[in-house]
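Survey of secondary and tertiary structure
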Amino acid sequence: MYDKPARSVLTGCYLLLFWIVRPCQAISVATVGDSFADSLYNAMRARPDLVQRYGVQLTRWSRPIIGLTRTDYFDYIGWLRDSTGLGSVDVCFVLIGSNDMQSIPLSKKQWIAYGSPQWRDTYATRTREMASILTGRRCGQLLWVLQPGFEKRDAMACHRELINEVQREALRPGRTQVLAIATSEAAYGPDKTHFSRAYLLQLGPALFHLVDTSRQMTHMGCLSCHRTIVGMTPESEIFPLRSWRSELAMPVWAPERVGVQCRVAVPRRVTVRRARKVR
């Protein structure tokens, strides 16, 4: 006969063994955002072996050439809110902002100048609204990936931190986890903007590790005491992704980092001059 402590240990071992050998419970995953979120989708789709191993049901809500500034082109937030066919998923990966480095239109002739205090407030409001829709009705867990380094695009590298800063400050902790993504010049394809296939193959396993951790938190009751998916996963297993920390922040505009002078569009007074008559 085993004493009480020994029986407790054995019971715990049996439960752990049962969890390890049981088949993975299916988990639904969606990508949300622009063409860079499409890259996350393609990184997972390129590994059908891991899709099967982790029991992932992959859905694409991301689409190219969209953002949070040009709602006159496509109201992506409204689409996420009102589309009846989307349903809900267990985990969402969000990556959006590469098309948002521009002014926000108010009407045909009125714009909110990019980088101005009003622009920051408006962009933060739209970020919060999107995150609220996703956590409220679409996503069980929300993983929000910030902008990459854009090491081959000086203008985008120069302005990425403004997008990242406003998004970080707008997002509320809890069900939204903010991630940074490590890149270098080798991460990009022929267009010098989007990720290469080799980088996507590196990124895929990291996404699956995060999905599997999310499954454990949900189905093993870990959400009762753990609030961060990333904190339960070794950083080596999710590289090139990592939990965002304050020391990763860069100065907004950061011209000394990329070697170019960042310029911000500001409203200017238009002066009309009359042409002199030629005598």
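Everything discussed here concerns the structure shown above.
Residues numbered from 1 in each chain as written. Predicted model: local features only at pLDDT ≥ 70, side-chain atom pairs only at ≥ 80, totals over all residues. Heavy atoms only, no water.

Remarks on the sheet that holds strand β2 (residues 56–60)
Stated formally: Note on pairing: two strands pair once DSSP finds at least 2 bridges between them. The way it works is that DSSP assigns letters per residue, a run of H or I at least four long becomes a helix, a run of E at least two long becomes a strand, and they are numbered from the N terminus. Interaxial angle, 0 to 180 degrees, is taken between N-to-C directions of lines fitted to C-alpha atoms, where a helix line uses only the stretch in contact.
The six strands are arranged β2-β1-β3-β6-β7-β8 in an open sheet whose pairing can be described as mixed. The open sheet terminates on both sides in strands that have one partner only, identified here as β2 and β8 (241–243). Each strand of the sheet is rotated relative to its neighbour by a mean of 30 degrees, with strand direction disregarded. Both strand β7 (residues 176–181) and β8 contribute to a ladder of three bridges, which runs antiparallel. Looking at β8, one finds that I181 is bridged to L241.

A few points about helix α2 (residues 35–45)
Residue pairs three or four apart in sequence face the same way in an α-helix, which turns once every 3.6 residues. Note the cut-off: Burial classes: relative accessible area under 20% of the type maximum marks a residue as buried, over 50% as exposed, and values in between as partly exposed (1.4 Å probe, protein chains only). Contacts described as polar in this section are N or O atom pairs within 3.5 Å, which, within protein, must combine one atom able to donate a hydrogen with one able to accept it, while residues neighboring in sequence count only if both atoms come from side chains.
Most of α2 sits out of view: nine of its eleven residues are buried. Burial in α2 covers these residues: S35, F36, A37, D38, S39, L40, Y41, A43 and M44. Its side-chain oxygen 3.0 Å from the backbone nitrogen of F36, D34 forms the N-cap of α2.

Regarding the pairing of strand β6 (residues 139–145)
In terms of residue burial, β6 counts as a mostly covered element, since six of its seven residues are buried. Bridge analysis of strand β3 (residues 89–95) against β6 gives five bridges, and the strand direction is parallel. Its bridge partner lying in β6, F93 is registered against L143. Taken together, the four bridges between β6 and β7 define a ladder with parallel strand orientation. The residue bridging L143 from the neighbouring strand is Q177, located in β7.

Examining the nonpolar core
Let me state the cut-off plainly: Nine residue types can take part in a nonpolar core, namely buried Ala, Val, Leu, Ile, Met, Phe, Trp, Tyr and Cys, and a core is a set of them joined through side-chain atoms within 4.5 Å. Should any heavy atoms of two residues lie within 4.5 Å, those residues are considered in contact.
In this structure, V32, W61, F93, W119, M130, W144 and L241 are the most contacted members of the largest nonpolar core, which totals 67 residues. The dominant element in this core, judged by the number of residues it contributes, is helix α7 (residues 197–219), at eight residues. Beyond its immediate sequence surroundings of up to four residues, L241 is in contact with V145, L179, A180, I181, L203, A206, L207 and L210.

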